[in-house]
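Commentary on secondary and tertiary structure
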Amino acid sequence: MKALSIRQPWAWCILHGKPVENRNWWTSYRGPLDIHAAKGMTRDEYEECRDFAASLGLALPPMADLPRGGIVGRAKLVDCVTSHPSPWFFGRYGLVLEEVEPLPFIPLKGALGLFDVSEGVLP
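Below or above, wherever it landed, is the structure these notes cover. (Residues numbered from 1 in each chain as written. Predicted model: local features only at pLDDT ≥ 70, side-chain atom pairs only at ≥ 80, totals over all residues. Heavy atoms only, no water.)

Examining the overall build of the chain
Put simply, the rule is: For the purposes of this entry, the term helix denotes a DSSP run of H or I that reaches at least four residues, the term strand denotes a run of E that reaches at least two, and both are numbered from the N terminus. Taken over C-alpha atoms, the radius of gyration is set against a globule rule of 2.2 Å times the number of residues to the power 0.38. A simple rule labels every residue: compare its accessible area, found with a 1.4 Å probe on the protein chains alone, to the largest value its type can have, and call it buried under 20%, exposed over 50%, or partly exposed in between. Residues are treated as being in contact if the distance between any of their heavy atoms lies within 4.5 Å.
Across its full length, the chain carries two helices and six strands. The C-alpha radius of gyration computed for the chain amounts to 14 Å, which stays within 12% of the reference 14 Å derived for 123 residues, consistent with globular compactness. Based on the C-alpha atoms only, the size of the chain along its principal axes is roughly 40 × 35 × 20 Å. Counting every position in the chain, which comprises 123 residues, the buried fraction comes to 46%. Across the chain, the fraction of contacts at a sequence separation of at least 24, relative to all contacts at a separation of at least 6, is 79%.

Below, the structure is given as structure tokens:
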């Protein structure tokens with residue numbers, strides 16, 4: 001299974017309606033994708049995302065309540081685009097995600113880019 005590490009609170013936003021993840025790189029991969037919440041998150045990152053999400057009507061949980069350092073969900077990566085109508089798109093490339101579902105938190109070390117998660121780690 002492929003996974004993508006995303007800093008909080010952006011990973012939380014994906015689980016709650018953010019349809020596209022911004023990246024500086026393109027991928028040809030399409031298919032199932034585990035959403036990994038990275039360990040790192042600064043207060044500035046949290047506040048920037050909180051304010052942006054609020055402008056779109058989405059209220060974030062408190063910073064301390066966001067799980068970090070593990071798998072938090074699963075999605076289907078259906079496209080990699082250079083434009084997208086969603087206000088969440090503002091990157092060079094957008095990874096378009098569908099069929100997003102939260103999963104119980106599973107601690108796991110992340111990695112850069114798309115990375116493989118060993119069988120047996122996830123349900």
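A word on the sheet that holds strand β1 (residues 2-6)
Strand pairing in a sheet relies on backbone hydrogen bonds, with the paired strands running either antiparallel or parallel. Counted only if it meets this: At least two DSSP bridges between two strands are required for those strands to pair. Angles here are taken between N-to-C directions and fall from 0 to 180 degrees, while the axes themselves are lines fitted to C-alpha atoms, restricted in helices to the stretch in contact.
Taken in spatial order, the six strands of this open sheet run β2-β5-β4-β3-β1-β6, and their pairing is mixed. One side of each edge strand has no neighbouring strand; the edge strands of this open sheet are β2 (20-23) and β6 (114-116). Each strand axis lies, on average, 45° off the axis of its neighbour in the sheet, ignoring direction.

Some remarks on unusual backbone geometry
Most peptide bonds take the trans configuration, and most residues that are not glycine carry a negative phi. Here the bond from Q8 into P9 is cis, since omega is 5°, no more than 30 degrees from zero. Turning to its location among the elements, P9 is positioned in the loop between β1 and α1 (10-15).

Section: the environment of A59
Its location among the elements puts A59 in the loop between α2 (43-55) and β4 (70-81). Judged by its relative accessible area of 63%, A59 is exposed. Once the C-alpha coordinates of A59 and V81 are considered, the two residues, 22 residues apart in sequence, prove to be 27 Å apart.

Looking at the nonpolar core
Operational definition: Here, the term nonpolar core denotes a set of buried Ala, Val, Leu, Ile, Met, Phe, Trp, Tyr and Cys residues that are joined through side-chain atoms within 4.5 Å.
Counting 31 residues, the largest nonpolar core has I6, C13, I35, L60, W88 and L97 as its most contacted members. Counting residues per element, the ones that place at least two in this core are β1, α1, β3 (31-37), α2, β4 and β5 (93-107). Element by element, the count of residues in this core is highest for α1, at six residues. Apart from residues no more than four positions distant in its own chain, I6 is found in contact with A11, I14, E21, R23, I35, H36, A37 and A38. Within the second largest apolar cluster, six residues are counted, among which are I71, I106, F115 and V117.

Brief notes about the environment of C49
Along the polypeptide, C49 turns up in helix α2. According to the relative accessible area criterion, C49 is buried, its value standing at 0%.

So, the packing of aromatic side chains
The test is simple: The criterion for an aromatic pair is that two Phe, Tyr or Trp rings (for Trp, the six-membered ring) have centres within 6.5 Å, with stacked assigned to planes under 30 degrees apart, edge-to-face to planes over 60 apart and tilted to the rest.
With the rule as written, the count across this model stands at four aromatic pairs. Aromatic pair W10 and W88: ring centres 6.2 Å apart, planes at 90°, arrangement edge-to-face. Remark: W88 occurs in the loop between β4 and β5 and W10 occurs in helix α1; sequence separation between them is 78 residues. Here F52 and F90 contribute two aromatic rings whose centre-to-centre distance is 5.7 Å and whose plane-to-plane angle is 80°, an arrangement assigned as edge-to-face. Linking F52 in helix α2 with F90 in the loop between β4 and β5, this pair joins segments that are 38 residues apart in sequence. An aromatic cluster of at least three residues, connected via ring pairs, comprises W10, F52, W88 and F90.

From the geometry alone we can't say anything about function, so treat these as descriptive.
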